[in-house]
Amino acid sequence: MARRNDHTREELVSMTLEQVKNFLAEHPHHELSLRKVAAMIGYVPSTLVNVFGNYNLLLLHAVAQTLDELFVHAEIEMVSAQSPEDALRKLAYCYLTFAMENPYRWQLIFQHTMNGEELPEWQTERINGMTGMLETLIRQINPQQSESDVLEASRVLWAGVHGITLLTVDDKLFTSTPVNGKALIDNLLNTYLNAWKA
């Protein structure tokens, strides 16, 4: 069993999050525990509590790592966009693709709860970064909208894309013929974009 001083705090954080990421590549987060994570890196659970504060915050760090990766993927996809509308579509596709490729990590983002604890500022900033990206595109596409309209439209679109993604990842679209998640996203975005142009 490794001792606390065998690794720096930063090394412990990195090792731990890498093991959680590897675990979530194959298994849902509810099969994980503080004891399992500690065993994976050769430490006792109390060491991880000293480093992260508690198991809930450890998982929140894993969520943050996933959001950072999703943000990078989104930025890369949107660089080649020809217009704000194209960027919006690429952002939605990226969200769906990332979730399909990383289903258990993606599910943890939305299934994790703070259990009454306040969300740390570093996580709030990440969430604002993701939602802000969407709001910026909507402002560019439909500049005459008020700020409250932009906010509402961004959440409606995100909720729609999220719902399509969730049902696609869980294979719960309940259709007799296969339905493509991207086709459903296209339907949603086309309907919205056409309404804005009308």
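Up top you'll find the structure we're talking about.
Residues numbered from 1 in each chain as written. Predicted model: local features only at pLDDT ≥ 70, side-chain atom pairs only at ≥ 80, totals over all residues. Heavy atoms only, no water.

Trainee: I'm lost on the nonpolar core in this one. Help?
Mentor: A general feature of soluble globular proteins is that nonpolar side chains tend to end up buried together. In this structure, Leu48, Leu58 and Leu88 are the most contacted members of the largest nonpolar core, which totals 54 residues. Counting residues per element, this core draws most heavily on helix H4 (residues 55–79), at ten residues. For leucine 48, the residues in contact, after removing those within four places along its chain, are Thr16, Leu34, Val37, Ala38, Ile41, Gly53 and Leu58. (Core = buried A, V, L, I, M, F, W, Y, C linked by side-chain atoms within 4.5 Å. Buried < 20%, exposed > 50% of the residue type's maximum accessible area, 1.4 Å probe, protein only. Helix = DSSP H or I, 4+ residues; strand = E, 2+ residues; numbered from the N terminus. Contact = heavy atoms within 4.5 Å.)

Trainee: Sorry, what's going on with the packing of aromatic side chains here?
Mentor: The full count for this structure, using the stated rule, is four aromatic pairs. Arranged with centres 6.0 Å apart and planes meeting at 80°, the rings of tyrosine 95 and tryptophan 106 form a pair that is edge-to-face. With a gap of eleven residues between them, tyrosine 95 in helix H5 (residues 84–101) and tryptophan 106 in helix H6 (residues 103–111) connect regions that are remote in the sequence. With 6.0 Å between their ring centres and 40° between their planes, phenylalanine 110 and tryptophan 158 make a pair best called tilted. Residue phenylalanine 110 is located in helix H6, and its partner tryptophan 158 is located in helix H8 (residues 147–169); the two are separated by 48 residues in the primary sequence. Pairwise contacts between aromatic rings join Tyr95, Trp106, Phe110 and Trp158 into one cluster. When the ring centre of tyrosine 93 is taken as reference, the NZ or CZ atom of lysine 182 above it lies at 4.9 Å. (Phe/Tyr/Trp six-rings, centres within 6.5 Å; stacked < 30°, edge-to-face > 60°. Lys NZ or Arg CZ within 6 Å of the ring centre and 35° of its normal.)

Trainee: Mind showing me how you'd approach unusual backbone geometry here?
Mentor: Most peptide bonds are trans, and most residues other than glycine sit at a negative phi. Unlike most non-glycine residues, asparagine 115 shows phi in positive territory, near 50°. By the element assignment, asparagine 115 lies in the loop between H6 and helix H7 (121–141). According to the relative accessible area criterion, asparagine 115 is exposed, its value standing at 63%. For aspartate 171, which is not a glycine, the phi torsion comes out positive at approximately 55°. Looking at the element boundaries, aspartate 171 is found in the loop between H8 and helix H9 (181–197). Overall, aspartate 171 belongs to the exposed group, its relative accessible area being 65%.

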